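Survey of secondary and tertiary structure
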Amino acid sequence: MFSSFMINTWIAGTAIAFVAAFVGFFVVARRSAFAAHALPLGAFPGAAAANLMGINPLIGLLIFVGIGVFLLRQLVRMGRRDVGTGLVLVLFLGMGALLLSMTREYAPAVFSLLFGEVLGVSDADLLPILGICALVVMGISLYFRPLLLDSTFPDLAALQGIRAARMDLVFLTLLALVTATALPVVGAFLVFTLLVGPPAAAQALSGNPMRVLMLSVMLAEGCIWSAIVLSYWTNWPIGFFVGSIGAGLFTVARSYRHWNQR
Amino acid sequence: MSDPILSVAHLSVDLGGRSILRDVSFDLYPGQLCALIGENGAGKTTLLRSLLGLTAQRSGQVLIDGAPADQRRALVGYVPQKIALDPDIPLRTRDLVQLGLDGHRLGLPLFSGRKKALVDQALYAVGAEAFADQRVGELSGGQQQRAVIAHALVRQPRLLILDEPLANLDFGSANALVALLGTLTHIQHIAVLVTAHDMNPLLPVMDRLVYLVGGQAATGSVDEVVRPEVLGKLYGHPVTVLRHGRRILVLPDVAAEDAEACTAAHMSHPEKAD
Ligand SMILES: Nc1ncnc2c1ncn2[C@@H]1O[C@H](COP(=O)(O)OP(=O)(O)OP(=O)(O)O)[C@@H](O)[C@H]1O
Ligand SMILES: [Mg+2]
């Protein structure tokens, strides 16, 4: 389980869970779960296209999430965010269907892009993953307070000169970076769980923002580590375990809060 | 007298293609409390938001301490009318107050004794110590209001703007808040601008009045503004003004003889009236 081959998985998984918790804190605080669902699913055709063209999937993903963020912001400017997000998602999925229809040998690659590939992290993948993760942690740490105020009391934030449009761009960019790094490891469906499950559980357990951030990290790490172990033992896809554990954490934490409040 | 902290000249605002405010002018000096009175939809919130630079204006000029609002943000505290509803917001009351101090700063919040002292002081000023460690989303409407006032006060503003702060409060809490506003204005010399649909609770502390009807304003002291001829011009039809002890009742749509009967009923249940 700790062979040199698996070491990469452990390192990448740990780093990804860490940044997913950081960004997920704001996904939940801003009620942007739909965007966190749409970006990974919309971006996965980028990886498929890169596979098709024989280039690094990370590059394809970065291009796709970049276009995704741009379109999201354009559509959101015209009106309702949820509607715009849904339209971008389907637009991208349609492109994905087109790209995939151009090749025949896609089934296993697509499956691992959707549900994750625990053994998919090579030495060459590791460095960019760690680099992007470091960038995201720096971004969140830098913008923590303005983002927090903008996510919770936008009017009060505007009064302090915090521009809502800029905060939205910062948030979506960080979300896009996490998406691009996490997607090849945990899969498109499960990026969402990692982004939302642990932070939502943490926010049910505490109202202190710094404590919620730390709890999110701990829960996300617990989630991905147990998923790696279980996936290694059972040979089942890692995504299955991330999904179940993420949903489980959320359920337990919400029930705890519910019962505590009575 | 010193220079005005807030100076509004010929302000007009359009929203969604409709003219909401027309040619509104008034000045506010340090140590004065100004009440902005108007019915639902009169344009009170719109006026406040355009003073703060949150809503664009069509014409006119707003100066805060002699400069445009966006250059004087640090001087202004604002308590909006609509407050948070999401119970899951990851903030306690004291976190919200602290963000009033450093929400615009970059970097992770580090512990600072000086900041904590300022936050505690603001919590104490509004009587929010009891729920300082409770989540903002789980507070009652009136408690949330006090939390947001503490958020506005912690920066030690020279101009405090509150939108319908009395709307969520019971009789006792409303009186306590009015007393707090009086202290801030007349002892700490802050300028305070408060909106309300009923002027009566504010009368004891009010220095000036801006009376909004359909986007147009009459401004001055209570005695200058609350007169049938002034308000009649604003409403565009005759208006009855009744005074009963310290209470004032403006009846825009009632003829004078019906008003006597109406006020008898109104004054006998003053706590229900608004
Ligand atoms: N974003 C908007 N777009 C178009 N019209 C608006 C907008 N916001 C407010 N209005 C209109 O402007 C008018 C004034 O609204 P405003 O919120 O300023 O009233 P108010 O005096 O604060 O009322 P209330 O006592 O109910 O708070 C209303 O007729 C309202 O319909
Ligand atoms: Mg209003």
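Reading the values: the criteria
- Residues numbered from 1 in each chain as written.
- Chains lettered and ligands numbered in written order.
- Predicted model: local features only at pLDDT ≥ 70, side-chain atom pairs only at ≥ 80, totals over all residues.
- Heavy atoms only, no water.
- Donors = N, O, S within 2.8 Å, 3.2 Å for Na, K, Ca; no water.
- Helix = DSSP H or I, 4+ residues; strand = E, 2+ residues; numbered from the N terminus.
- Buried < 20%, exposed > 50% of the residue type's maximum accessible area, 1.4 Å probe, protein only.
- UniProt positions renumbered as here; feature names shortened; annotations may be inferred.
- Disulfide = S-S within 2.5 Å.
- Expected span 1.5 Å × (residues − 1).
- Near = heavy atom within 4 Å.
- Polar contact = N/O pair within 3.5 Å; in protein donor to acceptor, adjacent residues only side chain to side chain.
- Areas by Shrake-Rupley, 256 points an atom, 1.4 Å probe, with all protein chains shown as cover.
- Nonpolar A, V, L, I, M, F, W, Y, C, P; charged D, E, K, R; others polar.
- Domains from an automatic or database assignment.
- Contact = heavy atoms within 4.5 Å.
- Buried area = accessible area lost by both parts, 1.4 Å probe.
- Salt bridge = Lys/Arg side-chain N within 4 Å of Asp/Glu carboxyl O.
- Axes fitted to C-alpha atoms, helices over the stretch in contact; angles between N-to-C directions.
- Parallel < 35°, antiparallel > 145°, perpendicular 65-115°, else oblique.
- Left-handed = near helix turned anticlockwise from the far one by under 90°.
- Core = buried A, V, L, I, M, F, W, Y, C linked by side-chain atoms within 4.5 Å.
- Pairing = 2+ DSSP bridges.

1. Focus on the coordination of the magnesium ion (ligand 2)
Residue and element names in this part refer to chain B. Protein coordination at the magnesium ion (ligand 2) comes from Thr45 (OG1) and Gln81 (OE1), with a distance range of 1.9 to 2.2 Å. With Thr45 in helix H1 (residues 44-51) and Gln81 in the loop between strand E5 (76-79) and helix H2 (93-102), this residue pair connects regions lying 36 residues apart in the sequence. On the basis of relative accessible area, Gln81 is assigned to the partly exposed category, the value being 36%.

2. Thoughts on the UniProt feature "transmembrane region" (unreviewed entry) in chain A
Residue and element names in this part refer to chain A. Within this numbering scheme, the UniProt entry marks residues 7-28, 48-71, 83-100, 129-149, 169-192 and 238-256 as carrying the feature "transmembrane region" (unreviewed entry). Secondary structure across residues 48-71 divides into 88% helix and 0% strand, with the first and last C-alpha atoms of the span separated by 20 Å. Across residues 129-149, the secondary structure splits into 100% helix and 0% strand, with the terminal C-alpha atoms separated by 29 Å.

3. Observations regarding the state of the cysteines
Residue and element names in this part refer to chain A. A full pass over the atoms with the stated rule returns zero disulfides over all chains. For Cys223, which is in no disulfide, the shortest distance to another cysteine sulfur is to Cys133 and amounts to 16 Å. Cys223 sits in the buried class, given a relative accessible area of 1%.

4. Side note on helix H4 (residues 81-101) of chain A
The periodicity of an α-helix, 3.6 residues per turn, causes residues three or four positions apart to be oriented the same way. Over its 21 residues, H4 of chain A runs 30 Å from end to end, which matches the ideal 30 Å to within 8%, given 1.5 Å per residue. Of the residues making up H4 of chain A, those classed as buried are Gly84, Thr85, Gly86, Val88, Leu89, Phe92, Gly96 and Leu100 of chain A.

5. Here we look at the site of ligand 1
Residue and element names in this part refer to chain B. In the vicinity of ligand 1 lie 13 residues, with Gly41, Lys44, Thr45, Thr46 and Gln81 positioned nearest. Taking Thr46, its side chain carries an N or O atom lying 2.5 Å from an oxygen atom of ligand 1. For ligand 1, whose free accessible area comes to 640 Å², the fraction covered by protein is 63%. With three residues, H1 is the largest single contributor of residues to the shell around ligand 1. Of the residues that constitute the shell around ligand 1, the class distribution is three nonpolar, six polar and four charged.

6. Looking at unusual backbone geometry
Residues and elements named next belong to chain B. Positive phi is not limited to glycine here, since Asp23 has a value of about 55°. Looking at where Asp23 falls in the secondary structure, it is placed in strand E2 (residues 18-28). The class for Asp23 is partly exposed, based on a relative accessible area of 46%. Of note in the backbone geometry, Glu164 takes a positive phi value of approximately 50° without being a glycine. Among the secondary structure elements, Glu164 is positioned in the loop between strand E6 (159-162) and helix H5 (171-186). Overall, the relative accessible area of 6% leaves Glu164 in the buried class.

7. Overview of the domain arrangement of chain B
Residues and elements named next belong to chain B. The domains assigned to chain B are domain 1 (6-89 + 156-225) and domain 2 (227-274). Each side of the interface is counted separately: domain 1 has 15 residues, and domain 2 has 13 residues. When residues of domain 1 are sorted by the area they lose upon contact with domain 2, Asn200, Tyr211 and Val213 head the list and together hold 34% of the total. Among the ionic pairs, Arg243 bridges to Asp223, the shortest N-O distance being 3.2 Å. Taken together, the connections running from domain 1 to domain 2 amount to five residue pairs in polar contact (both at pLDDT 80 or more). At the level of secondary structure, the elements contributing two or more residues to the side of domain 1 that touches domain 2 comprise strand E8 (208-213), strand E9 (216-220) and helix H6 (222-225). Counting residues per element, the side of domain 1 that touches domain 2 draws most heavily on H6, at four residues. Here the residues of the side of domain 1 that touches domain 2 are counted per class, giving eight nonpolar, three polar and four charged.

8. Focus on the environment of Thr14 of chain A
Residues and elements named next belong to chain A. By secondary structure assignment, the location of Thr14 is in helix H1 (residues 4-29). Residue Thr14 is classed as partly exposed on the basis of its relative accessible area of 25%. For Thr14, the residues in contact, after removing those within four places along its chain, are Glu221 and Trp225.

9. Looking at the packing of helix H2 (residues 33-53) of chain A against helix H8 (residues 164-186) of chain A
All names here are of chain A. As a packed pair, H2 and H8 sit with axes 10 Å apart at the nearest point and diverge in direction by 50°. Of the possible angle classes, the one that applies to H2 and H8 is oblique. When you trace H2 past H8, the crossing you get is right-handed. Across the interface between the two elements, Ala35, Ala36, Leu39, Pro40, Ala43 and Phe44 from H2 touch Leu172, Leu175, Ala176, Thr179 and Leu183 from H8. Of the residues assigned to the contact of H2 with H8, the class counts are 10 nonpolar, one polar and no charged.

10. Digging into the nonpolar core
Counting residues in hydrophobic clusters, the biggest one holds 150 residues, and the most contacted among them are Leu175 of chain A together with Tyr211 and Leu231 of chain B. Two domains each provide a minimum of three residues to this core, namely domain 1 (6-89 + 156-225) and domain 2 (227-274) of chain B. Every residue in contact with Leu175 of chain A, bar those within four places of it in the chain, is listed here: Val23, Val27, Ala35, Ala36, Leu39 and Leu195 of chain A. Ranked by size, the runner-up nonpolar core spans 30 residues in total, among them Leu6, Leu21, Leu28 and Leu52 of chain B.

11. Regarding the sheet that holds E8 of chain B
Adjacent strands of a sheet form backbone hydrogen bonds with each other and so pair up, either parallel or antiparallel. Residue and element names in this part refer to chain B. If you trace the six strands from one edge of the open sheet to the other, you get E5-E6-E7-E3-E8-E9, paired in mixed fashion. The open sheet has two edge strands with one neighbour each: E5 and E9. When the angles between neighbouring strand axes are averaged without regard to direction, this sheet yields 15°. Across four bridges, the pairing between E5 and E6 is parallel. Paired with Val79 across the two strands is Leu162, which belongs to E6.

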